[in-house]
Amino acid sequence: MIRRFTKLLALGLAVAAMPVHAQSLEEREAEEARLRQAFKDGVAVVVEDLNRGSFDRFVDAIDKDDMLERIFGIRLIDPRAKRDFRDSMKEDDRFTGFIQSQFAMEGAEGIKARLLIVESRGDRGRAVVRYDMPYFQVNYHDYELRLDGKGRLVIVDWVDYYWGHRFSDRMGLTMIQRQPNKNAVRKLIDFPSVREQQVFQVIEVLKATRDRDFNRYFEIVDTLSEDLKRQRVVVKVGIDGTRQVRARRAQQRVLRMIDQYFPEDPLYSTALLDLYFPAREYQKAYDALIRLEDALDVENDGVMQARLSSAALVLGRAEDAIALAESSVTAEPDLELGWWAVLRSQVAARQYDQAVNALTKLEGDFGHSLGPDALGKDPSMQEFARSEQYRKWFEGRSS
């Protein structure tokens, strides 16, 4: 709650500085409630539109001129590239297609968005939206919002936790990557007295990842000094490129770099899970999820609780796993992943009387067939499948 208050305080600094004149407390509270509802209604409409497969409302909510300034910023982008990009944003179809391409997450077919929170202070707000992907994977967007002079929702910018970037930052870096020049690249390096050779090396890193030549990328990275290896731009273009073309082996190498240099950054938590879980580094996975949860500051995310439950379970913390799983289905009773977490945690704790209730939910609501043959294929379920509680449940279900 302290973090949320801090965020709202930051959002409302400009509002607090404005004169209140003779407006009464009741009037100010009523106005704040009206603005808060405007944010909620505006975001809800955008999310509903995305779930229908349309990006029209989302695109309409972006102030193109403001977004261009954010993307260009103080970056020394090639003037021709800036002009071409500005011209493309003027064409509605191209701009919509461009925004839509940024939502392309691995294996996802269509958008499945769930609005988790909307909060505001005055005419500034934020919203967190979860995007569900196949195989129980998810992405999160944390949106910076405002209301314009007519009370309409404006999407200012957003952090995309799948890519590990703020949208405007990612676009700005991509534009530099297309045509890197010394001055632009020098500004990407965050230590003073950068040598010409170091600038040249980073330019070559940008070119290699732009061209998807990951052998070349790692050849260059292996020659970098430690202070260059730990530059965010080096790992950002690496993880972006390997994820875009699904270069699994190369992606794992970049993730090891991130784990070495930026393990505490929640921007990389989602990506690092693809390293930690396969490598059975479960404590690191649990810690990464906690960092992501703290950054999002959302209390009703069933997926997060279910994933934390799974991580706690493999760490041998069955009681914590049960509590987290129950929290998951309390927040989202229709969440399949949550019910799997309930089943597995209760089975691990040998709470078989409760576990059969999860079986009923998984079969009745999600279409699974969880007879002895199905459960017997999972070593963690075999003892449960031989239990009296399961036998009675199965016989009652079959009758």
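Refer to the structure above for everything that follows.
Description of the structure in this document. Everything quoted here is computed from the prediction, not taken from an experiment. The numbers attached to residues start from 1 for each chain and follow its sequence in the written order. Local features in this predicted model are restricted to residues of pLDDT 70 or higher, and side-chain atom pairs are both shown and tallied only at a pLDDT of 80 or more, whereas totals for entire chains, interfaces and linings draw on every residue. Hydrogens are left out, water is left out, and the side-chain values use all remaining heavy atoms of the structure.

Describing the packing of aromatic side chains
Two rings from Phe, Tyr or Trp (for Trp, the six-membered ring) form a pair when their centres are within 6.5 Å of each other. A pair whose planes differ by under 30 degrees is stacked, one over 60 is edge-to-face, and the rest are tilted. Within this structure, the stated rule accounts for 15 aromatic pairs. Of the aromatic side chains, those joined through ring pairs into one cluster are Phe58, Phe72, Phe85, Phe98, Tyr143, Trp158 and Phe167. In this scheme, the term charge over a ring applies when either NZ of a lysine or CZ of an arginine sits within 6 Å of the ring centre and within 35 degrees of the ring normal. Between Arg170 and the ring centre of Trp163, over which it is positioned, the NZ or CZ distance is 4.1 Å. Over the aromatic face of Tyr286 sits the side chain of Arg317, whose NZ or CZ is 4.5 Å from the ring centroid.

Overview of the pattern of salt bridges
By definition here, a salt bridge exists when the distance from a side-chain nitrogen of Lys or Arg to a carboxyl oxygen of Asp or Glu is within 4 Å. Summed over the entire model, instances satisfying the criterion amount to 38 salt bridges. The partner of Arg75 in a salt bridge is Asp169, and the shortest N-O contact between them spans 2.7 Å. Of the two residues, Arg75 is situated in the loop between helix H5 (64-72) and helix H6 (79-90) and Asp169 in helix H8 (residues 167-178); the sequence distance between them amounts to 94 residues. Categorising residues by exposure relies on relative accessible area from a 1.4 Å probe, with only protein chains included: less than 20% of the type maximum marks a residue as buried, more than 50% marks it as exposed, and the intermediate range marks it as partly exposed. Among the residues examined, Asp169 registers a relative accessible area of 33% and is labelled partly exposed. Secondary structure elements follow DSSP: runs of H or I of four or more residues count as helices, runs of E of two or more count as strands, with numbering from the N terminus.

Details of the sheet that holds strand S5 (residues 165-166)
Here, any two strands with at least 2 DSSP bridges between them count as paired. Strand order in the open sheet formed by five strands is S1-S2-S3-S4-S5, and the pairing between neighbours is antiparallel. Among the strands making up the open sheet, the edge pair consists of strand S1 (113-121) and S5. When checking whether two residues touch, look at their non-hydrogen atoms; a contact exists if any pair is within 4.5 Å. Angles shown run from 0 to 180 degrees and are taken between the N-to-C directions of axes, each axis being a line fitted to C-alpha atoms and, for helices, limited to the stretch in contact. Relative to the sheet, helix H3 (residues 25-51) contacts S1, strand S2 (124-132), strand S3 (138-147) and strand S4 (153-160), its axis offset from that of S1 by approximately 160°. Across the face of the sheet, H5 comes into contact with S3 and S4 while running at roughly 30° to S4.

Structural notes on the pairing of S1
Bridge analysis of S1 against S2 gives eight bridges, and the strand direction is antiparallel. Each residue of the ladder has a partner; that of Ile117, found in S2, is Val128. Hairpin remark: S1 followed by S2, antiparallel, with two residues in the connecting loop; positive phi at Gly122, about 65°.

A closer look at the pairing of S2
Counting buried positions along S2 gives seven out of nine residues, so the element sits mostly inside the fold. The pairing of S2 with S3 spans nine bridges and is antiparallel. For Val128, the partnering residue across the bridge sits in S3 and is Asp142. Counted between consecutive antiparallel strands, the loop separating S2 from S3 contains five residues, among which Tyr135 sits at a positive phi close to 60°.

Scope: geometric values only; no functional claims are made or implied.
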